[in-house]
Amino acid sequence: MTARRKLIAANWKMNGSRAANAAWLTEFRAGRWSCDVAVCAPFVYLPQLRDGLAGLAAEPGAQNLAAETPGAFTGEVAGEMLIDVGCKWVIVGHSERRALYGETNDLVAVKAARAFAVGLKPIVCVGETLAEREAGGTLEVVGAQMDAVLKRCSVVQLAQAALAYEPVWAIGTGRTATPAQAQEVHAAIRAQLARADASAAGAVRILYGGSVKPGNAKELFAQPDIDGGLIGGASLVAADFLAICQAA
Ligand code: PEP
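Residues numbered from 1 in each chain as written. Predicted model: local features only at pLDDT ≥ 70, side-chain atom pairs only at ≥ 80, totals over all residues. Heavy atoms only, no water.

Caption draft 1: Geometry of the overall build of the chain. In terms of regular secondary structure, the chain is built from eleven helices and eight strands. For the chain, the C-alpha radius of gyration of 17 Å lies close to 18 Å, the compact-globule estimate for 248 residues. Looking at the chain as a whole, 53% of its 248 residues qualify as buried. Taking the contacts inside the chain whose residues are at least 6 apart along the sequence as the reference set, 73% of them involve residues at least 24 apart. Of the roughly 10400 Å² of accessible surface on the chain, a fraction of 55% belongs to carbon and sulfur atoms. Charged side chains in the chain number 23 positive and 23 negative. The centres of these two groups are separated by 5 Å. (Helix = DSSP H or I, 4+ residues; strand = E, 2+ residues; numbered from the N terminus. Rg over C-alpha atoms; globule rule 2.2 N^0.38 Å. Buried < 20%, exposed > 50% of the residue type's maximum accessible area, 1.4 Å probe, protein only. Contact = heavy atoms within 4.5 Å. Areas by Shrake-Rupley, 256 points an atom, 1.4 Å probe, with all protein chains shown as cover. Lys, Arg positive; Asp, Glu negative; His and termini not counted. Charge placed at Lys NZ, Arg CZ, Asp CG, Glu CD.)

As structure tokens, then:
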């Protein structure tokens, strides 16, 4: 099987200020880690993040991009612009964007394809709601989300980027999927990737996201198909984020 380097990605969501980010970066710069790291910040802070991460083994990322190429789309930010300010990663299809901003499976896939087209590495998020899990629909829901992505992006492309399994009921709730629950879904996603491209599926990193903290990270990352984490709340505290990076 292809060796996969662990990836830990911070999702600051709509948090931060120039002063708070500077303090975070000072603390983070003093840390040590040996996995790949991405820090995904609000658009306006990307230049500050790019400069603050310079020289570190950590890359800046955004949390969304437009589905369109540059033009008359007031308020949108194109992938080309993210590249222009030194951004390397972009979160696509986070459950908050699906639930609050109406992003459909196909729109998420279009955005992932746009990211690849401009040279950004998308972190494509999938995951089920609590109602879907309780109805026994987890693998079907995640499978449909993945089907949409695979219609527009190849497994070879995804191997240059990442997927993130984020059960919606575990995001920001303090309720984490058990390592076995997460591993079951990660293995199903990898099996689906393998049906599309058996030779590349083993190279795709599948992150887990949902209330990952320093105290539960190691056990989650020890699962055979969990290749790192997408970290929300705990990424806002530099010491906690560093501890999670070290757990990887
Ligand atoms: C997220 O928003 O991607 C996330 C995983 O959040 P949290 O870690 O706070 O659950």
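Caption draft 2: Focus on the side chain of Glu 166. Structurally, Glu 166 is set in the loop between strand 6 (162-165) and helix 9 (179-196). Within the buried core, Glu 166 has no salt-bridge partner, and the shortest N-O distance to an opposite charge, that of Lys 13, equals 6.8 Å. At 3.4 Å, the side chain of Glu 166 forms a polar contact with the side chain of His 94. Each residue touching Glu 166, except ones within four places of it in the same chain, is listed here: His 94, Cys 125, Val 126, Gly 127, Glu 128, Ile 171, Gly 209, Gly 210 and Leu 230. (Salt bridge = Lys/Arg side-chain N within 4 Å of Asp/Glu carboxyl O. Polar contact = N/O pair within 3.5 Å; in protein donor to acceptor, adjacent residues only side chain to side chain.)

Caption draft 3: Spotlight on helix 9. With 18 residues, helix 9 should cover 26 Å at 1.5 Å per step; its first-to-last C-alpha distance of 26 Å lies within 8% of that length. Turning to helix 9, its buried residues number three or more, namely Pro 179, Ala 182, Gln 183, Val 185, His 186, Ile 189, Arg 190, Gln 192 and Leu 193. (Expected span 1.5 Å × (residues − 1).)

Caption draft 4: Expanded view of helix 11 (residues 238-247). Regarding helix 11, the residues found buried are Ala 238, Phe 241, Leu 242, Ile 244 and Cys 245. Looking down the long axis of helix 11, one finds its buried residues gathered within 160° of arc, a one-sided arrangement. Residues of helix 11 that are buried make contact with strand 1 (7-11), helix 1 (18-29), strand 2 (36-40), helix 10 (214-221) and strand 8 (228-231). (Arc of directions from axis to C-beta.)

Caption draft 5: Representation of the pairing of strand 4 (residues 89-92) within the structure. Neither face of strand 4 is exposed, since Trp 89 and Ile 91 on one face and Val 90 and Val 92 on the opposite face are all buried. In the sheet, strand 3 (residues 59-62) pairs with strand 4 via two bridges, with the strands oriented parallel. In the sheet register, Gly 61 faces strand 4, and the bridge partner there is Trp 89. Once the chain exits strand 3 it traverses helix 3 (residues 79-84) before rejoining the sheet at strand 4, and the crossover so formed is right-handed. By the bridge criterion, four bridges tie strand 4 to strand 5 (residues 121-126) in an arrangement that is parallel. The residue of strand 5 that forms the bridge with Trp 89 is Lys 121. (Pairing = 2+ DSSP bridges. Right-handed = clockwise from strand over helix to strand, strands pointing away.)

Caption draft 6: Broad picture of the site of the ligand. Lys 13, Glu 166, Gly 172, Ser 211 and Gly 233 are the nearest of the 14 residues found near the ligand. Side-chain polar atom of Lys 13 to an oxygen atom of the ligand: 2.6 Å apart, as the coordinates give it. His 94 places a polar side-chain atom, nitrogen or oxygen, 2.8 Å from an oxygen atom of the ligand. When grouped by side-chain class, the residues that make up the shell around the ligand number four nonpolar, eight polar and two charged. (Near = heavy atom within 4 Å. Nonpolar A, V, L, I, M, F, W, Y, C, P; charged D, E, K, R; others polar.)

Caption draft 7: Here's a closer look at the nonpolar core. Ranked by size, the top nonpolar core spans 66 residues in total, and within it Ile 189, Leu 193 and Phe 241 carry the most contacts. Within the second largest apolar cluster, twelve residues are counted, among which are Cys 40, Ile 91, Ala 162 and Leu 207. (Core = buried A, V, L, I, M, F, W, Y, C linked by side-chain atoms within 4.5 Å.)

Caption draft 8: Fine view of unusual backbone geometry. The phi dihedral of Lys 13 is positive, around 55°, even though this residue is not glycine. Relative accessible area serves as the criterion here: at 19%, Lys 13 is assigned to the buried category. Located in the positive-phi region is Ser 211, a residue other than glycine, with phi close to 55°. The exposure class of Ser 211 is buried, given its relative accessible area of 14%.

Caption draft 9: Fine view of the packing of helix 10 against helix 11. For the pair helix 10 and helix 11, interaxial distance at closest approach is 9 Å and the crossing angle is 20°. Put simply, helix 10 runs roughly parallel to helix 11. The crossing of helix 10 and helix 11 is right-handed. Residues Pro 214, Ala 217, Lys 218 and Phe 221 of helix 10 form the contact with helix 11, whose participating residues are Asp 240, Ala 243, Ile 244 and Ala 247. (Axes fitted to C-alpha atoms, helices over the stretch in contact; angles between N-to-C directions. Parallel < 35°, antiparallel > 145°, perpendicular 65-115°, else oblique. Left-handed = near helix turned anticlockwise from the far one by under 90°.)

Caption draft 10: Region of interest: the pattern of salt bridges. Counted according to the given criterion, the structure contains 14 salt bridges. Notably, a salt bridge pairs Lys 13 with Glu 96, separated by 2.7 Å at the nearest N-O pair. Here Lys 13 is found in the loop between strand 1 and helix 1, whereas its partner Glu 96 is found in helix 4 (residues 95-100), with 83 residues between them in sequence. The salt bridge partner of Arg 190 is Asp 227, with a shortest N-O separation of 2.8 Å. Here the residue Arg 190 occupies a position in helix 9, and Asp 227 occupies one in the loop between helix 10 and strand 8, the gap between them amounting to 37 residues. Overall, Asp 227 belongs to the buried group, its relative accessible area being 2%. Residues joined by salt bridges that share partners form a network here, namely Arg 4, Arg 190, Asp 225 and Asp 227.

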